[in-house]
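# A look at the structure
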Amino acid sequence: MGQSSSTNARNPSGPPIRQISARSMPRTNDALLSSSPSISLGRDYTSDLPDECLALVFHSLGSGDRKNCSLVCRRWLLLEGQSRHRLSLDARSALLSVAPSLFSRFDSVMKLALKCERRSVSIGDEALVLISLRCRNLTRLKLRACREITDAGVAAFASNCGGLRKLSCGSCAFGSEGVNAVLESCPNLEELSIKRLRGLAEGSSPIGPGKAAASLKVICLKELYNGQCFGPLIIGSKNLRTLKLFRCSGEWDQVLDMMPQPSALVDVHLERIHVSDRGLSMVASSCGDLEVLHLVKTPECTNAGLASIADRCRLLRKLHIDGWKTNRIGDEGLSAVARQCSNLQELVLIGVNPTVASLGLIAGNCKGLQRLALCGSETIGDSEISCIAAKCVALRKLCIKGCPVSDNGMEALAGGCPNLVKVKVKKCRGVTPEGADSLRASRGSSLAVNLDMGSAGGGSVVEVGEEASDNGAAEANAGDEGGVTAARGERMSVIDMGESSSGGRPGLSKVRHSLVAGRNFVASTFRRWSNGSRQPQSSPEH
């Protein structure tokens with residue numbers, strides 16, 4: 001590796017003393033050595049550190065620094081490889097030739113991501129099986145665009161890595177047989193995330209829970225054709241806590257109708273799927289402990305379905321509704337939530353038109369409401385903001401976008417919501433920089449105000465207060481240790497802008513773009529706020 005080999009001298013009273021020369025040290029330290037005569041070149045003091053302590057030091061470093069440390073000496077190279085538990089690799093076909101030597105060095109990998117570029121040929125079954133033989137302790141696997149992997153390869157992998165706890169697949173070509181093999185061979189599987197699984201077709205075999213029936217806690221299905229073949233899996237997972245369905249074709253009321261009674265579900269996310277009030281009613285009757293509900297662009301869900309949720313799910317803490325401006329969810333459903341769900345802490349309304357009638361009940365009955373987002377609403381004006389300011393005493397974070405609010409609403413906020421720490425206002429034409437400035441001045445440094453006056457043609461952004469705290473930099477995979485070969489992961493788009501409306505309701509196509517932007521704005525805002533609240537800690541892996 002371009003270094004002189006080190007020799008060990010035996011110390012009679014302790015561990016071996018490693019003799020190193022100046023040439024064996026990293027070149028970046030040459031200037032330091034020449035300017036610091038007190039530094040001794042005769043002994044490597046890290047030789048007194050146990051391997052476990054040195055491994056802990058490596059764990060506290062970033063990916064680049066870890067790679068540099070592995071170049072210092074043979075011991076550091078060995079320890080750095082043995083202590084690396086997570087890798088992200090470029091999964092093109094060339095990986096097969098280097099996999100034996102690669103996983104001989106990194107023989108303790110527990111979390112592995114294999115990502116291939118869309119236009120490249122990915123690894124196949126042979127490489128996947130070889131990896132499974134070298135990584136018997138693997139607990140997490142992420143596959144992206146590995147189109148050469150078949151059902152047989154996935155089955156062989158699962159038989160060798162029975163301790164797998166988390167599997168995430170996106171844009172792969174295997175089908176239901178491979179998924180069934182994983183569920184049958186991995187009894188400790190806790191989380192399953194499937195996106196754009198190309199091997200699913202009409203007539204695919206049903207996917208059941210297998211031996212993972214008792215362990216599976218999270219199921220996330222995205223953009224699947226014939227996604228109903230996962231119905232037996234959803235129904236048979238006895239301890240399922242989180243269910244997320246994104247843009248999966250087919251009728252889902254029938255699947256939800258067969259949910260076990262009672263169900264352990266606490267988090268349900270339904271986005272752009274064909275589900276109606278009947279499905280919501282089944283969720284309500286099954287999931288008495290439901291805490292989080294997302295209804296995103298489900299136009300068949302109305303006030304009646306939301307009322308059934310409110311009536312039976314009294315522990316609801318977070319409610320996100322994107323009504324797509326269909327006006328099928330409004331004051332009636334929200335009032336039911338206000339009366340029955342007093343534990344509500346977070347409420348996001350996009351494309352919904354509530355008034356003081358429901359917002360006043362929510363503000364008065366949900367005393368613990370801390371986060372509120374109101375986007376793309378034609379009825380949220382100064383009177384509604386004044387109601388929130390007067391009654392939401394626990395509110396800490398408020399997000400308003402595309403609503404007819406003016407400086408008068410900002411003035412009302414200045415005198416209310418005593419615990420408010422962050423306000424974000426975007427594309428509210430009636431709010432001026434002076435109004436935002438006045439709000440900020442009235443509360444001092446305790447309140448951060450972000451005003452974005454952007455319009456369709458581009459506009460200015462005025463940030464008052466803690467601008468730097470909302471840069472969102474912590475979202476860029478800060479927890480990754482990195483891989484030996486950098487992999488550019490596939491971009492997972494949240495919204496398919498090209499999809500046409502199936503409901504045929506007038507006006508939907510005109511509001512899609514603004515509503516999508518509003519949803520992304522809210523999601524980004526809450527993610528940043530969440531990251532900001534735990535800034536002193538290192539970002540964990542999702």
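Taking an unreviewed UniProt entry as the reference, the protein is identified by name as F-box/LRR-repeat protein 8 belonging to Acorus gramineus.

## Points about the overall build of the protein
Looking only at helices and strands, the protein has 18 helices and 18 strands in total. Each of the 542 residues in the protein was classed as buried or not, and the buried ones make up 49%. Sequence-distant contacts in the protein: of pairs separated by 6 or more residues, those separated by 24 or more amount to 75%. Accessible surface computed for the protein: about 24,400 Å², of which carbon and sulfur atoms make up 50%.

## Digging into helix α14 (residues 356-365)
Within α14 the residues assigned to the buried category are Ser-358, Leu-359, Gly-360, Ile-362 and Ala-363. Of the surrounding secondary structure, the elements contacted by the buried residues of α14 are α13 (331-340), β13 (346-350) and α15 (382-391).

## A short note on the packing of helix α6 (residues 125-134) against helix α7 (residues 151-160)
Orientation of α6 relative to α7, taken along the N-to-C sense of each, is 5 degrees, at an axis distance of 9 Å. The angle between α6 and α7 falls in the class roughly parallel. Every residue of α7 that contacts α6 at Asp-125, Leu-128, Val-129, Ser-132 and Leu-133 is listed here: Ala-152, Gly-153, Val-154, Ala-156, Phe-157 and Asn-160. Of the residues that constitute the contact of α6 with α7, the class distribution is 7 nonpolar, 3 polar and 1 charged.

## Digging into the confidence of the model for the protein
Looking at the protein, the pLDDT average stands at 80 and 75% of residues meet or exceed 70. Throughout residues 456-516 the model reports pLDDT below 50, and contacts reaching past four residues in sequence, or to other chains, amount to 112 contacts.

## With respect to α6
Among the residues of α6, those classed as buried are Ala-127, Leu-128, Ile-131 and Ser-132. Buried positions in α6, seen along its axis, are confined to an arc of 135 degrees and lie on one side of it. Next to the buried residues of α6 lie α5 (95-105), β4 (111-115) and α7.

Definitions and limits used
- Residues numbered from 1 in each chain as written.
- Predicted model: local features only at pLDDT ≥ 70, side-chain atom pairs only at ≥ 80, totals over all residues.
- Heavy atoms only, no water.
- Helix = DSSP H or I, 4+ residues; strand = E, 2+ residues; numbered from the N terminus.
- Buried < 20%, exposed > 50% of the residue type's maximum accessible area, 1.4 Å probe, protein only.
- Contact = heavy atoms within 4.5 Å.
- Areas by Shrake-Rupley, 256 points an atom, 1.4 Å probe, with all protein chains shown as cover.
- Axes fitted to C-alpha atoms, helices over the stretch in contact; angles between N-to-C directions.
- Parallel < 35°, antiparallel > 145°, perpendicular 65-115°, else oblique.
- Nonpolar A, V, L, I, M, F, W, Y, C, P; charged D, E, K, R; others polar.
- pLDDT = per-residue confidence, 0-100.
- Arc of directions from axis to C-beta.

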